[in-house]
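Structural description and commentary
Take a look at the letters that make up each chain.
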Amino acid sequence: METVKNLIIGFGKAGKTLAGFLGSKGESVILVEKDKRMYGGTCINVGCIPSKFLSNKATLRKVSSLDNETYYKHAVEAKKDLIAKLNKANYDKVAGVPNVKVIDGTASFVSANTVEVKSAEGNLEIQAERIFINTGLVPVVPKIEGLNLSERIHTSETIMDLEVFPESLAIIGSGYIGLEFTSTYSLFGSKVTVFGDNPKFLPRDDEDIAGLIMDELKAQGAAFLLGTKVVRFEEASDGVNVYFENGQGKEEVKKFSAVLVATGRRPDTQELSLDKAGVKVGERGEIPVNDRLETNVPNIYALGDVHGGLQFTYLSLDDFRIIKSVLFNDGKYNLKERKHIPFNVFVVPSLAKVGMNEMEAKAAGASYKLAKLPVMAIPKAKILGNQTGLFKVLIDEKTGKILGANLFGVEAHEVINLFTLAMNEGISYESLRDQIYTHPTIAESLNDLLNIG
Ligand SMILES: Cc1cc2nc3c(=O)[nH]c(=O)nc-3n(C[C@H](O)[C@H](O)[C@H](O)COP(=O)(O)OP(=O)(O)OC[C@H]3O[C@@H](n4cnc5c(N)ncnc54)[C@H](O)[C@@H]3O)c2cc1C
Ligand SMILES: NC(=O)c1ccc[n+]([C@@H]2O[C@H](COP(=O)([O-])OP(=O)(O)OC[C@H]3O[C@@H](n4cnc5c(N)ncnc54)[C@H](O)[C@@H]3O)[C@@H](O)[C@H]2O)c1
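Residues numbered from 1 in each chain as written. Chains lettered and ligands numbered in written order. Predicted model: local features only at pLDDT ≥ 70, side-chain atom pairs only at ≥ 80, totals over all residues. Heavy atoms only, no water.

The immediate surroundings of ligand 1 are formed by 37 residues, with E33, T42, K52, D305 and S316 found nearest. Within the backbone of D305, a nitrogen or oxygen atom sits 2.8 Å from an oxygen atom of ligand 1. Expressed as a share of its isolated accessible area of 1000 Å², the protein-covered part of ligand 1 is 94%. For the shell around ligand 1, the secondary structure elements donating two or more residues are helix 1 (13-24), strand 2 (29-33), helix 2 (41-45), helix 3 (48-59), strand 4 (106-109) and helix 9 (313-328). Split by residue class, the shell around ligand 1 holds 14 nonpolar, 16 polar and 7 charged. (Near = heavy atom within 4 Å. Polar contact = N/O pair within 3.5 Å; in protein donor to acceptor, adjacent residues only side chain to side chain. Areas by Shrake-Rupley, 256 points an atom, 1.4 Å probe, with all protein chains shown as cover. Helix = DSSP H or I, 4+ residues; strand = E, 2+ residues; numbered from the N terminus. Nonpolar A, V, L, I, M, F, W, Y, C, P; charged D, E, K, R; others polar.)

Within the largest apolar cluster, 35 residues are counted, with the highest numbers of intra-cluster contacts made by F188, F201, I213 and F224. Elements that contribute at least two residues to this core include exactly helix 3, helix 4 (68-95), strand 9 (168-172), helix 6 (176-188), strand 10 (191-196), helix 7 (207-219), strand 11 (223-226) and strand 15 (258-261). In terms of residue count, the dominant contributor to this core is helix 7 (5 residues). Ignoring sequence-local partners within four residues, the contact set of I213 consists of F201, L202, V347, L351 and F408. (Core = buried A, V, L, I, M, F, W, Y, C linked by side-chain atoms within 4.5 Å. Buried < 20%, exposed > 50% of the residue type's maximum accessible area, 1.4 Å probe, protein only. Contact = heavy atoms within 4.5 Å.)

Strands sit in the order 12-13-14 across an open sheet of 3 strands; the sheet is antiparallel. Here the strands that pair on one side only, and so sit at the sheet edges, are strand 12 (229-236) and strand 14 (251-256). Pairs of neighbouring strands in the sheet enclose a mean axial angle of 20°, with direction left out of account. (Pairing = 2+ DSSP bridges. Axes fitted to C-alpha atoms, helices over the stretch in contact; angles between N-to-C directions.)

Another aspect to go through is the UniProt feature "domain: FAD/NAD(P)-binding" (unreviewed entry) in the protein chain. Per the UniProt annotation, the sites labelled "domain: FAD/NAD(P)-binding" (unreviewed entry) are residues 7-313. Strand forms 28% of residues 7-313 and helix 30%; the C-alpha atoms that close the span are 21 Å apart. (UniProt positions renumbered as here; feature names shortened; annotations may be inferred.)

Summed over the entire model, instances satisfying the criterion amount to 34 salt bridges. Residues K73 and E163 are paired through a salt bridge, measuring 3.6 Å at the closest nitrogen-oxygen approach. In this pair, K73 sits in helix 4 while E163 sits in the loop between helix 5 (156-159) and strand 9, placing the two residues 90 residues apart along the sequence. A relative accessible area of 35% means that K73 is categorised as partly exposed. The closest approach of N and O atoms between D92 and K88, which form a salt bridge, is 2.6 Å. With D92 and K88 both in helix 4 and 4 residues apart, the pair spans about one turn of that helix. Among the residues examined, K88 registers a relative accessible area of 52% and is labelled exposed. Salt bridges sharing common partners tie together D206, D208, E358, K362, K372 and K392. (Salt bridge = Lys/Arg side-chain N within 4 Å of Asp/Glu carboxyl O.)

The next thing to look at is the packing of helix 3 against helix 4. Two numbers describe how helix 3 lies on helix 4: the axes approach to 10 Å, and their chain directions differ by 150°. Between helix 3 and helix 4 lies a crossing of right-handed hand. Taken together, the residues of helix 4 that come into contact with helix 3 (itself represented by I49, P50, F53, L54 and K57) are Y71, A75, V76, A78, K79, L82, I83 and L86. In terms of residue class, the contact of helix 3 with helix 4 is made up of 11 nonpolar, no polar and 2 charged. (Left-handed = near helix turned anticlockwise from the far one by under 90°.)

Dropping the structure here:
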């Protein structure tokens, strides 16, 4: 049995940052990770970084003279090379901090203060004063006849290692992952078809923005079969037959070189034996926490995606800030204090949002002024060769404060951070409008966008 002050389960964004922080404070830390390919967590290895790397490569496809197969293969090889380097750098960074030990193995609770770690080398029990659960999520693969992961049927975690160019790709699910990969693979030259159970495209977004995104993805070559039910998969030597019920309930079949299942992600808590520690688990396997990220058991905390809610790397990082505040400061920074949260969908060009959109403002009965600018009016968009899109900003009619920004267009994912800052710091729209911005940039469009008289 080993004893340690802090035991962290999972090498996610929050866990690795916390390990480094606690170690540098002179506290003993053990960080347990079940998969060596995941040092640094989901974002580094199978999430944000590889998916945005491939998206960028796909955007540059048009300026290469290589054929699709070769270009795609080179892109996947370059992705593998980058991720291997980042994986190692993440390991070295954490393992190199004094007082921190990284152990390879799968952790499960034995009691409220003891965890067993199983690995190829044997089992080890660790007793800890504090335990931090940072185990993230895993893809949901729905129970559909013939839906077995294989060389041709993938989740987002495996498709990015596929070196054989998929001439045609069925994407099941039209959420974040489904849409980002729709853009990426369409731009690589695959014939992408998206199957979605919801007949409405981007149901939580304003219709004008959703319509523009749909038009753009179609222009990139994608087809949409929304409001359909996929009922069966049948793998053949030359592809996968996808059987589905169309909007009228009639069965149809289409064949694809490969399939991506992007139907959501669920908390990775099944192996943890949380019942042995008395930790409560929610309906989807998530670990409920209070504003201080404490579970119902004293000294056991849950950080990152695993406690439910929005699933973003920067929120996992912010969970680290909360733990730091709770353990080392006055605990004043907690979940309740979190301000506006921006988010991006990295279709090409990107969709970026913070605060309300028009649909939500109307539902809330808010009185607002609407600022709108087509991206084609922005000089930098001409330079970048992508003039698709629309920027929309809602302004409180009485106070002049920003209520929300919904930006679809090139570099929207950068510009959104200005709006988050303005909303969180109470900066008025006039102030944003009248700033001197550098030229030529997308940010300078705020001079015109917010010029609403
Ligand atoms: C394809 C894709 C694209 C994404 N793109 C973005 C993006 O652009 N921007 C963004 O902000 N977010 C994005 N996300 C979401 C983002 O990756 C996650 O929100 C973030 O990585 C969550 O980090 P975490 O700290 O919760 O844990 P994770 O990084 O998920 O780490 C959990 C770790 O725990 C380990 N583990 C699990 N169980 C055990 C156990 N019993 N014992 C030991 N170890 C265990 C796992 O192996 C894993 O390494 C994307 C996700 C995906 C899948
Ligand atoms: N840019 C980013 O920050 C980014 C990028 C990718 C992923 N992520 C995170 O990862 C999370 C998971 O993404 P996701 O796209 O897997 O999940 P999601 O929950 O966003 O979308 C899943 C989609 O699949 C559909 N679906 C479910 N079952 C289906 C079925 N049987 N047939 C057809 N459609 C079905 C759902 O209606 C939904 O539209 C996101 O919530 C997001 O937080 C973030």
